[in-house]
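Structural characterization, general
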Amino acid sequence: VQLQASGGGLVQAGDSLRLSCAASGDTLRNYAIGWFRQAPGKQREFVAGFNWSGSKTDYADSVKGRFTISGDNAENKVYLEMNSLKPEETAIYYCAANFRARVMVATKPRLYEYWGQGTQVTVSS
């Protein structure tokens, strides 16, 4: 499966953005999907994950209540709705697909086999 993340941009603190992850080559229902982010000089961190088969979702504590992950089977896309964005959330955001452990929502990047190219999110104060 090939993944393409989009929707990033420059916003002000408190604004919202919706990121999209489009897939080709396979249907996203065959995978668990995760969103990660990586700021300069920092490790890649889990943001949110979605499991099609069990309709499970998981979020990093820092984004609970503000971010929502969802999937559109017909469009073969997964979205990340981000509200009340903070400057410290400036990062490159990546979507990833996990096939081997797809029955769970994995939070470790090494468990995801497929990655999109990332989309830059910049939140100004």
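Use the structure listed above.
The structure presented is a predicted model; accordingly, all values stated were derived computationally and were not measured.

Per the counting criterion, the structure on display carries seven aromatic pairs. On the numbers, 5.1 Å between centres and 80° between planes, the contact of Phe36 with Tyr112 is edge-to-face. On the criterion of sequence distance, the pair formed by Phe36 in strand 4 (residues 32–38) and Tyr112 in the loop between strand 9 (91–98) and strand 10 (114–115) is long-range, its members being 76 residues apart. Tyr112 matches Phe36 in its accessibility class, with the two residues each being buried. Each ring, one from Phe36 and one from Trp115, has its centre 5.1 Å from the other, and the planes form 50°; the classification is tilted. Of this pair, Phe36 sits in strand 4 while Trp115 sits in strand 10, and the two are 79 residues apart along the sequence. Relative accessible area serves as the criterion here: at 27%, Trp115 is assigned to the partly exposed category.

Moving on to the nonpolar core. The nonpolar side chains of a soluble globular protein tend to be buried with one another. If you look at the biggest cluster of nonpolar residues, it comprises 32 residues, and the most contacted ones within it are Trp35, Leu80 and Met82. Contributions of two or more residues to this core are made by strand 1 (2–6), strand 3 (17–24), strand 4, strand 5 (45–51), strand 7 (67–72), strand 8 (77–82), strand 9 and strand 11 (119–124). Counting six residues, the second-largest nonpolar core is a separate cluster that includes Phe46, Ala96, Ala106 and Tyr112.

Of the pairings in the sheet, the one linking strand 3 to strand 8 comprises six bridges and is antiparallel in character. Residue pairing across strands places Ala22 opposite Lys77, the latter belonging to strand 8. Hairpin remark: strand 7 followed by strand 8, antiparallel, with four residues in the connecting loop; positive phi at Asn76, about 55°.

Quick look at the sheet that holds strand 1 now. Spatial ordering of the open sheet is given by 1-3-8-7, a layout of four strands whose pairing is antiparallel. Pairing within the sheet leaves two strands with one partner each, and these edge strands are strand 1 and strand 7. Recorded for the sheet is a direction-independent mean angle of 15° between the axes of neighbouring strands.

By volume, the largest pocket is sized at about 160 Å³. Lining the largest pocket we find 13 residues, and of these Arg37, Lys42, Glu45, Glu88 and Glu89 sit closest to its centre. In the lining of the largest pocket, the residues fall into two nonpolar, four polar and seven charged.

What counts and what doesn't
Residues numbered from 1 in each chain as written. Predicted model: local features only at pLDDT ≥ 70, side-chain atom pairs only at ≥ 80, totals over all residues. Heavy atoms only, no water. Phe/Tyr/Trp six-rings, centres within 6.5 Å; stacked < 30°, edge-to-face > 60°. Helix = DSSP H or I, 4+ residues; strand = E, 2+ residues; numbered from the N terminus. Buried < 20%, exposed > 50% of the residue type's maximum accessible area, 1.4 Å probe, protein only. Core = buried A, V, L, I, M, F, W, Y, C linked by side-chain atoms within 4.5 Å. Pairing = 2+ DSSP bridges. Axes fitted to C-alpha atoms, helices over the stretch in contact; angles between N-to-C directions. 1 Å grid on protein atoms, 1.4 Å probe; cavity = no way out; pocket = protein on both sides within 12 Å on 5 of 7 lines; lining within 4 Å. Points joined across faces, edges and corners; volume = space filled by probe spheres on them. Nonpolar A, V, L, I, M, F, W, Y, C, P; charged D, E, K, R; others polar.

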